[in-house]
Every structure is written in structure tokens, then in C-alpha cells.
Amino acid sequence: MKILTLVRQVLDAEESVRIRGGEVDLNGSKLVVDTMDEYGAEQSLRVRESSVDVEVIALAVGPERNQDALRTVLAIGADRAIHVMTDLTLDPISLSQVVAQIAQKENVELIFCGGQQSDWDSHALGAATAERLQWPQVTWTNGLEVHGQTLTGKHDAEDGSETFSVELPAVITTQQGLNEPRYPTVPNIMKAKKKELRVETLEQFQVEPKLKFLAVEVQVKARLHKILDGKDAPAAAAELVQLLRNEARVIT
Amino acid sequence: MILVVVEYANGKVSKSTYEMVACARQLGREGPVAALVLGSGVANIASEVALVVGQVLVAENADLAQYDAELWSAAVAQIASEGEANTVLIGGSRSGREYSPRVAVKLDAPLLEDVISIVDADDTLTAERYTYLARVTEKVEANAPVIVVTVKQGAFTAAAPGNQVAEQFDVDLTLPQRRLQVTGKSTEKSSRIALTEADIVVSGGRGVGSAEGFVTLVEGLADQLGAAVGATRAIVDAGWRPYSEQVGQTGKTVQSKAYIAIGISGAVQHLSGMSKSKCIVAINKDADAPIFKIADYGIVGDVNQIVPAMIAELKK
Ligand SMILES: Cc1cc2nc3c(=O)[nH]c(=O)nc-3n(C[C@H](O)[C@H](O)[C@H](O)COP(=O)(O)OP(=O)(O)OC[C@H]3O[C@@H](n4cnc5c(N)ncnc54)[C@H](O)[C@@H]3O)c2cc1C
Ligand SMILES: Cc1cc2nc3c(=O)[nH]c(=O)nc-3n(C[C@H](O)[C@H](O)[C@H](O)COP(=O)(O)OP(=O)(O)OC[C@H]3O[C@@H](n4cnc5c(N)ncnc54)[C@H](O)[C@@H]3O)c2cc1C
């Protein structure tokens, strides 16, 4: 079985976001593999370790920096990587066309995708890809087992969680708690340099963006910052309640 | 036609539906605002929503008794094409954001995800949405015969019912087979108001000390205020609270009038779920905790002393 695991190199969540010329400026900031993608990469390796004859292919679509994400995932154990290199910003619906075509060409049966991108805050790529392939999808997955052609596990739903069962092929989107991703070791980072990383161009996939990005801005809501000293607890509590009642008027 | 897919829970139309109707009215695109009700035993839902829209399409179907992304997307796409909808509004809930991409692909439509504002000018929709864990506001544009939109919960003021009662139409659906089998469910029933519908949310983090501490402090304060309760990932992972109460990147997003954070450090992943609340209140013993950076009011002190004192003060 072949597994496709999607990865992206994004701004580290701890870094502050800088805007320049109407765009998010990533120059000089720390970039990392999107945490939600790490869960997918780790899970593909676990599937390979628990079954026979599994190949794990990492895929990234986007600017050159995504090769760092692919190298990281190769270093933790993916077998090979594909990078569709483009500086064009694709919305998830058009991007899913690329992912679905690669999945078909590579005869993939299982795709892992992050539950929510930490930069675009999007949930759409996994579901859109599943629809294009006419596959079922499981979102926000935090437990997964493969038994032959059947996947079972647990995922988060609207309220609370559900256990599920679904037949392959399928798209799985990840949730925190799915696993503890492993770290690359230095010898494996060296070995990863020899693994195949195939670079492809976007043109062959014939996609047109469906959205136009106009601008971004950081909107910071001014906050009052009225912070009281709580050494005298009853006095501080009384003052806070008074402020919430009479100044903020959020409680009665 | 602007198609609004009705969200409901526990036999009642959800607040998010009224917010979508407000969004649809404000968009003012061509044609009526039509509400689509999907489910089994949904007559009451249909009559309730008939008070706010131009027409109600009712898909009463036993196969729709339980939500499924493939069934929901097939139903919505079918009705959107038959009704020649120019806009399809879907809730920004977990499920809405899960099945809406499938609707967009079926209709070959753009998807505007989790929008906080949207305007129509010359058939082009321009929307704003949050990115980078809700730290950035992005403006995006779509122009197509039909556009799918998910509407962020809490971003629009809920539409109020009028005196007109819209006509109801039954619709027939061609549905696919359910492929994802749900084998078990652990829904946490709560008598409290839902997190995403509450005016006030009281949330607790590791600083409450224990599961019992959460009950005394967070639930104790929430009881006084008629508030919903929320939790950080740290204490959900610790098993103190159910996942349905988690606020943040991988939990729920709230935009309440007041958000009271008790013993919460303020990690970006948590802030992404609550930073748009109107008034933020923090209680933490560490004056340098990041939560204070976005707080309107706060107390630096021990939650075990401050919160009981607040409860006592409110009881006065
Ligand atoms: C006016 C303007 C506004 C912009 N606003 C934003 C903004 O708010 N946020 C933002 O992120 N970018 C925004 N961009 C784009 C931004 O400036 C970068 O050009 C853009 O982020 C491309 O880098 P990326 O890392 O997103 O690329 P990538 O994300 O690598 O590639 C671009 C597209 O591919 C997706 N992608 C690629 N590979 C995968 C994968 N394996 N799994 C899932 N998704 C994948 C991305 O989400 C995106 O849709 C904006 C651009 C312009 C011109
Ligand atoms: C991919 C990803 C997704 C995530 N998604 C989420 C999410 O959706 N939601 C979320 O919440 N987190 C999420 N996290 C986790 C997040 O990074 C933090 O670890 C978490 O929010 C911390 O929870 P906390 O504030 O309860 O705990 P801590 O960070 O441990 O903070 C506890 C706070 O309590 C204070 N305190 C302790 N004792 C007292 C006392 N007696 N009186 C007063 N104050 C006291 C301390 O000063 C401290 O500030 C995610 C992380 C990742 C990597």
C-alpha cells in the first residue's frame, strides 16, 4: 500500500507575524513543519511499521521553502518525497486538484492531511481531495488502526468524540493527540539527503486559483489592561466585580 | 437564491443559523433567502426557521437522521444546483467546515472559509477571514456563478424573527451510501448553555489544580453568571474535562461578550479560540503570563483565593 502524507513549512506558532506590502513576511522568521502535518507523517510511519509492504510518500505544494519540510519528514522515515514547486498561492479547493492527481498517478490508498493549517487556518484541503477522488474522509482523527482494508479509530465530532470504521481508500485529517511525532536524528538527517525528492512543476496539473488574495493586516484590538494586585483577595475580587458590572457592563 | 443550510441541535434552531440569515440578508444578492433543513423529524425546525427566511426547503429523510459529510454535501449540492443558488451559506461549525469543501468541489465553486464579513459588488464577493491562528485578517475575493461560504460563529448579529411565515416545500434527494460507519459516540451532555452560544464563558486551565478545582472554581463562578464553561487543551488531555469544552486552535472558537480565563497561561493555540471576545478577564498568579497581554481586566493572584472571593461577592 502507498500512503501520501501532506506537509508544509509554516511560521513557528511562537513567532510573531510581520506584514510587509500587504503580505505576511516570513523572511528571517523561524519556520517549521506544520504540527498538524507532523501527526500525519508520524502516523504513516506507524502504519508502515505495523504492516508489510507500505511506502510512505511525502508531498508538498508551494514555494521552495517547503523542501525543508520534506527533508524533515524524509529524515524521520518517509521513503520519498514529491515537491510541486510554485510561488502561486492556491486556495485549498484548487490545490486539491493537484493532490488528487498525484494520488491517482501514484496509486495511493491512504492520504494524511493536517486538520487545520496553522497559517491559513483552513480545514478544507482533506475534504476537497476526498471529494475529487470520490473517497470517504475522516476529520480530526486522534486514534487510528489499520486492519487489512479497514480503518478503525476515534475522531472528534461536533460534540464529543466518535469511534468509526471505514474501508480504504480514504483521506484522514489529523487532530492533536493522534500520536507523539518522533524527532529526526543526525544520522537519519544525513541519510535523508540521499532519498528521492522529485521536483515537479505546477503547469502539468492545469489548475486555476479559485480565490484572489487581496491583502492581509494584523488587527490588534486595544485592551484596557486594568490588572489588579490580588494580595488582598476579597478587596481585589470586589473591585473586579464592580468593574465588570459598572464599567464593562458584561455582568449584572 | 441564497441558500442557507440550517444548523440545529437538541430540537432547536442554532444561533449560528440566525447569524447566517443575517449574513444572507446583508449580502442582498439576487433571489430569495431560502433555508434548507436536512434531517429526520425536522418539522419543528422547519417552522421555527420559517419566521426568518423567504422560503423553507425541507428534506425530511430517514437516511439523514445522523450527520454524515458525504450525505450532507450531496444533499446541499443537489438543492443548490436545482435551485440555481448563487450563494450557499454553511455554518462555521466542525461539521459545516468538514462537508463544505465537498459541496464546493461538486459545484466547481470557490469556497470562502469561516468568513467574518462579506460584501457583494458587481457579482464579486469580498470576504474577510482570520489566518495565522486568528492573528491576521485576510481579505479574499471570489467571482463565480455559485460561491460556497462558511460563516464564522459569532461574527454576525443573529437575525430576529419577523411576522411573516415563509412557505415550506418538501424536496426529494438522491443520496449516496454512507461509507463512514460511526461505531460509538461519547457525547457529553451538559445542562449548561453551549460554549458557542453563550454571552459569558468562564474557562479554566492547569492553574485550577485538579478536576475538583475546576468544579469548585470554574463551574462555581459560571453558575453565578449563567455562563458556559471552557477548558484548555492541557486539562482536556489530563482528563479533567471533556473535549467538547476545549477552546482553541484544535477546539472551539468563541466570541463571547466576556471571557474569564482562570489559571490559563495564554498559549497562542488557546488565544486563537478566544482572542476575539469583547471583554477578556484573566486571573493568574504569574504577572508575566501571556494571557494578561490581551486582557481588559485581571487579577494577579492565587485562583484558590480570588475566585471564591468573586463568587462570594456575586452572591451578595
Ligand atoms: C495579497 C496577498 C495576501 C496573502 N495573504 C496570506 C495569508 O493571509 N496567509 C497565507 O498563508 N498566505 C497569504 N498569502 C500568500 C503568502 O504571502 C505566501 O505567498 C503564501 O503563504 C505562499 O506560501 P505558503 O507557505 O502558504 O505556500 P504553500 O502553503 O506551501 O503553498 C501555497 C498553497 O498551497 C497550500 N499547500 C501547499 N502544500 C500543502 C499541503 N501539503 N497541505 C496543505 N496545504 C498545502 C497552501 O495552503 C496554499 O494554499 C497572501 C498573498 C498575497 C499576494
Ligand atoms: C497543534 C497544537 C494545538 C493546540 N491546540 C490547543 C487548543 O485548542 N486549546 C488549548 O488551550 N491549547 C492548545 N494547545 C496547547 C497549548 O500550546 C498549551 O499547552 C495549553 O493551552 C496550556 O494550557 P494551560 O494554560 O491550562 O496550562 P499552562 O500553560 O501550564 O498554564 C497554567 C497557568 O496557570 C497559572 N497558575 C498555576 N497555578 C495557579 C494558581 N494557583 N493561581 C493562579 N494561577 C495559577 C500559571 O501561572 C500558568 O500561567 C495546542 C498545542 C499544539 C501544539
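Further up the page is the structure itself.
Read on for a plain summary of the structure. (Residues numbered from 1 in each chain as written. Chains lettered and ligands numbered in written order. Predicted model: local features only at pLDDT ≥ 70, side-chain atom pairs only at ≥ 80, totals over all residues. Heavy atoms only, no water.)

**Quick look at the side chain of His123 of chain A**
Here His123 of chain A shows up in the loop between β8 (110–113) and α4 (124–133). Since its relative accessible area comes to 14%, His123 of chain A is described here as buried. Reaching out from His123 of chain A, the side chain makes a polar contact with the side chain of Arg97 of chain B at a distance of 3.4 Å. The contacts of His123 of chain A, once residues within four sequence positions are left out, are Gly115, Gln116 and Trp140 of chain A together with Arg97 and Glu113 of chain B. (Helix = DSSP H or I, 4+ residues; strand = E, 2+ residues; numbered from the N terminus. Buried < 20%, exposed > 50% of the residue type's maximum accessible area, 1.4 Å probe, protein only. Polar contact = N/O pair within 3.5 Å; in protein donor to acceptor, adjacent residues only side chain to side chain. Contact = heavy atoms within 4.5 Å.)

**Observations regarding the site of ligand 2**
Near ligand 2, the surroundings consist of 27 residues, among which Arg206, Thr232, Gln246, Ser265 and Asn284 of chain B are the closest. Those chains with residues close to ligand 2 are chains A and B. The separation between an oxygen atom of ligand 2 and a polar side-chain atom of Gln269 of chain B is 2.8 Å. Within the backbone of Lys285 of chain B, one N or O atom sits 3.1 Å away from a nitrogen atom of ligand 2. In isolation ligand 2 exposes 980 Å². Once the protein is present, 81% of that is buried. At the level of secondary structure, the elements contributing two or more residues to the shell around ligand 2 comprise α6 (233–237), α7 (268–271) and α8 (303–315) of chain B. Here the shell around ligand 2 is composed, by residue class, of five nonpolar, 17 polar and five charged. (Near = heavy atom within 4 Å. Areas by Shrake-Rupley, 256 points an atom, 1.4 Å probe, with all protein chains shown as cover. Nonpolar A, V, L, I, M, F, W, Y, C, P; charged D, E, K, R; others polar.)

**Notes on empty space enclosed by the protein**
The tally for this structure, following the rule as stated, stands at five cavities of 30 Å³ or more. Taken as a whole, the largest cavity holds about 400 Å³ of empty space. Forming the walls of the largest cavity are 28 residues, and the residues nearest its centre are Gly92, Arg97, Gly251, Lys252 and Thr253 of chain B. Broken down by secondary-structure element, the contributors of at least two residues to the lining of the largest cavity are α4 (94–106), β7 (111–121) and β8 (124–131) of chain B. Of the residues contributing to the lining of the largest cavity, the split by class is five nonpolar, 13 polar and 10 charged. What the second largest cavity holds in volume is close to 150 Å³. Mapped onto the lining of the second largest cavity, the elements with two or more residues apiece are β6 (55–62) and α3 (92–105) of chain A. Ranked by the residues each element gives to the lining of the second largest cavity, the list is headed by β6 of chain A, at three residues. Per-class residue counts for the lining of the second largest cavity are nine nonpolar, three polar and three charged. (1 Å grid on protein atoms, 1.4 Å probe; cavity = no way out; pocket = protein on both sides within 12 Å on 5 of 7 lines; lining within 4 Å. Points joined across faces, edges and corners; volume = space filled by probe spheres on them.)

**Describing the site of ligand 1**
Lining the immediate environment of ligand 1, one finds 25 residues, of which Arg8, Val61, Arg65, Leu90 and Trp120 of chain A sit closest. Neighbouring residues of ligand 1 are not confined to one chain but are distributed across chains A and B. Note that an oxygen atom of ligand 1 is positioned 2.4 Å from one of the side-chain N or O atoms of Arg65 of chain A. About the coverage of ligand 1: the protein hides 91% of its 890 Å² of free accessible area. For the shell around ligand 1, the secondary-structure elements that each account for two or more residues are β6 and β14 (212–217) of chain A. Partitioning the shell around ligand 1 into residue classes produces 14 nonpolar, six polar and five charged.

**Here we look at a nonpolar patch on the surface**
Residues and elements named next belong to chain A. Together, Ile19, Val218 and Val220 make up a nonpolar patch on the protein surface, roughly 240 Å² of accessible area in all. One can find Val218 in the loop between β14 and β15 (226–229). Given a relative accessible area of 36%, Val218 falls into the partly exposed group. (Patch = residues over 30% accessible without salt bridge, like charges linked within 9 Å, V, L, I, M, F, W, Y side chains within 5 Å. Salt bridge = Lys/Arg side-chain N within 4 Å of Asp/Glu carboxyl O.)

**Structural notes on the pairing of strand β16 (residues 279–284) of chain B**
Consecutive side chains along a regular strand alternate between the two faces of the sheet. Residues and elements named next belong to chain B. Among the six residues in β16, six count as buried, and that is most of the element. Of the two faces of β16, the one lined by Cys279, Val281 and Ile283 and the one lined by Ile280, Ala282 and Asn284 are each fully buried. Looking at chain direction, strand β15 (residues 258–262) and β16 are connected through five bridges and run parallel. The residue bridging Ile262 from the neighbouring strand is Ile283, located in β16. Of the pairings in the sheet, the one linking β16 to strand β17 (residues 297–300) comprises four bridges and is parallel in character. Bridge assignment links Val281 to a residue of β17, and that residue is Tyr297. (Pairing = 2+ DSSP bridges.)

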